[in-house]
Amino acid sequence: MAYETPLTISEVISNISSNKYVLPAIQREFVWDTDQIERLFDSIMQGYPIGGFLFWELSSDKYRKYDFYSFLQNYHEKTSRHNPKVNLRGNDNVMAVLDGQQRLTSLYIGLCGTYAYKMPYKQWKSEGAFPKRKLYLNIIQPLEGADNKFEFEFLAEDETVNDENHYWFEVGRVLDFESSSSVHKYITQNIYRGSVQYTDNQEDFATDALSLLFNAICVNPSISYYRVKSDELDRVLNIFIRVNSGGTPLSYSDLLLSIASAQWEEIDAKKKVSEDDLDWYVDHVNDISNLQLLEAMPNIEKQNTDFEEWYEDEYPTEKDKIQYRKINYIPDMEYTFADFPEFMDQRRELLRKAFEKVLK
């Protein structure tokens, strides 16, 4: 493979918005925090490389056979952490992202979306604990005493107060600029003729910073990528494993196990799970008592199906059920979300007894 012609960030964002770039089911969920996103944008502004990307080009008859997911646009720590499934019917030239999901999602959220995380000392069940924040750049002066040069910050609307040390520019607005003249027009109207009196140095910095942002997002082709052209799922899975494991020869099940929790499409408080218990549920998703190794194809076929539903469909007879439970140390009980804590206790005990027999 060789690098394709690089793309601008704005071109990539447009492709994400139109679902030309999607995520395969083997990708994990978005995990970056606001500090990481802000640092990414600072790196872009300073001209630092942000790494290559790996895309999988699918033929239309193939991508209809698999499930794909769209990128998160408005991340919400409580209600929107999981990628929605996307309908690609009628789409052509679809690219599935094999490497670069975290960076591309960060760019998409920073330029087109919001990021809502719980404020300290607020209760999880309080809606006011999760204000929606957009990414802003203070364009009148650099960030002093920090590794980052530019002051990017996710702010709620009521936090974007301009004063003698701040002018908060909503980063996504740069996508509306058509040329460098748009930058100078904005500076003239909002900095030179704004309500706050800024120094000559601040005005010069604002012009340079906004010009740099426009060029970095809309002009300079900084997204370098490889394109995989293959309809063989096994080959694509092997490429994904090699790229995402740093050369370590992981098996399908090892890799897919690490991203299995991302297949929870939602955490629904109405499924007999109280909101007060949600933190406990989220914290124990990856507990060893809740994990099971599946081969690549069974895991892909299962997708985000609830365990109870998958179990009934996959093992229809009582004999099959007993055999499955015996092999995988699964307790005989109801498998609803409300029964999850009891399931954890019982399976932990089954695993403990199995280890005792082995170690005697």
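Whatever comes next refers back to the structure up there.
Because the structure is a prediction, the values reported are computed rather than measured.

The rules behind each value
Residues numbered from 1 in each chain as written. Predicted model: local features only at pLDDT ≥ 70, side-chain atom pairs only at ≥ 80, totals over all residues. Heavy atoms only, no water. Salt bridge = Lys/Arg side-chain N within 4 Å of Asp/Glu carboxyl O. Helix = DSSP H or I, 4+ residues; strand = E, 2+ residues; numbered from the N terminus. Buried < 20%, exposed > 50% of the residue type's maximum accessible area, 1.4 Å probe, protein only. Phe/Tyr/Trp six-rings, centres within 6.5 Å; stacked < 30°, edge-to-face > 60°. Lys NZ or Arg CZ within 6 Å of the ring centre and 35° of its normal. Pairing = 2+ DSSP bridges. Axes fitted to C-alpha atoms, helices over the stretch in contact; angles between N-to-C directions. Contact = heavy atoms within 4.5 Å. Patch = residues over 30% accessible without salt bridge, like charges linked within 9 Å, V, L, I, M, F, W, Y side chains within 5 Å. Areas by Shrake-Rupley, 256 points an atom, 1.4 Å probe, with all protein chains shown as cover. Lys, Arg positive; Asp, Glu negative; His and termini not counted. Charge placed at Lys NZ, Arg CZ, Asp CG, Glu CD. Parallel < 35°, antiparallel > 145°, perpendicular 65-115°, else oblique.

Draft legend 1. Spatial organisation of the pattern of salt bridges. Within the structure shown, the criterion is met by 12 salt bridges. For arginine 348, the salt bridge is made with aspartate 287, and the minimal N-O distance between the two is 3.8 Å. Of this pair, arginine 348 sits in helix 13 (residues 340–359) while aspartate 287 is found in the loop between helix 9 (278–283) and helix 10 (296–302), placing the two residues 61 residues apart along the sequence. By relative accessible area, which is 35% here, arginine 348 ends up partly exposed. Residue classification places aspartate 287 among the partly exposed residues on the basis of a relative accessible area of 23%. For arginine 352, the salt bridge is made with glutamate 349, and the minimal N-O distance between the two is 2.3 Å. Taken as a pair, arginine 352 and glutamate 349 lie in helix 13 at a separation of three residues, close to a single helical turn. Overall, arginine 352 belongs to the partly exposed group, its relative accessible area being 38%. A residue is classified by how much of its surface remains accessible, and glutamate 349, at 31% relative accessible area, is partly exposed. Through salt bridges that share partners, Glu4, Glu57 and Arg227 make up one connected network.

Draft legend 2. Region of interest: the packing of aromatic side chains. All told, the structure shown has 30 aromatic pairs when counted by the stated rule. On the numbers, 5.9 Å between centres and 45 degrees between planes, the contact of phenylalanine 169 with phenylalanine 177 is tilted. By relative accessible area, phenylalanine 177 is classed as buried at 11%. For the ring pair tryptophan 280 and tyrosine 281, a centre distance of 5.6 Å and an interplane angle of 75 degrees mean the geometry is edge-to-face. Using a relative accessible area of 34% as the deciding quantity, one classes tryptophan 280 as partly exposed. Given a relative accessible area of 5%, tyrosine 281 falls into the buried group. Site record: aromatic cluster; members linked through ring pairs are Phe307, Trp310, Tyr311, Tyr315, Tyr324, Tyr335 and Phe343. Of note, arginine 133 hangs over the ring of tyrosine 117, and the distance from its end group to the ring centre comes to 4.0 Å. Here the guanidinium or amino end of lysine 321 rests over the ring plane of tyrosine 311, the centre of that ring lying 5.6 Å away.

Draft legend 3. Representation of the sheet that holds strand 9 (residues 168–170) in the model. Pairing in this open sheet of three strands is antiparallel, and the strands run 8-7-9 from one edge to the other. Either end of the sheet is taken by a strand with one partner, and the two such strands are strand 8 (151–155) and strand 9. Each strand of the sheet is rotated relative to its neighbour by a mean of 40 degrees, with strand direction disregarded. As defined by bridge partners, strand 7 (residues 134–138) adjoins strand 8 across five bridges and the pair is classed as antiparallel. The residue bridging leucine 135 from the neighbouring strand is phenylalanine 154, located in strand 8. Packing against the sheet, helix 2 (residues 34–45) makes contact with strand 7 and strand 8, and its axis sits at approximately 145 degrees to strand 8.

Draft legend 4. Quick peek at the environment of methionine 119. Structurally, the position occupied by methionine 119 is in the loop between strand 6 (114–116) and strand 7. The class for methionine 119 is partly exposed, based on a relative accessible area of 27%. For the pair methionine 119 and proline 131, spaced 12 residues apart in sequence, the C-alpha to C-alpha distance is 8.0 Å. Ignoring sequence-local partners within four residues, the contact set of methionine 119 consists of Gly128, Ala129, Pro131 and Arg133.

Draft legend 5. A negative patch on the surface, seen in detail. Taken together, the side chains of Glu308, Glu309, Asp313, Glu314 and Glu334 make up a negatively charged region of the molecular surface. Structurally, glutamate 308 is set in helix 11 (residues 307–314). According to the relative accessible area criterion, glutamate 308 is partly exposed, its value standing at 30%.

Draft legend 6. Structural detail: the packing of helix 11 against helix 12 (residues 318–328). Closest axis-to-axis distance for the helix 11/helix 12 pair is 9 Å, and the angle between their directions is 125 degrees. Relative to helix 12, the element helix 11 is oriented oblique. Counting all contacts with helix 11, which are made through Phe307, Trp310, Tyr311 and Glu312, the residues of helix 12 involved are Lys321, Tyr324 and Arg325.

Nothing here speaks to function; it is geometry throughout.
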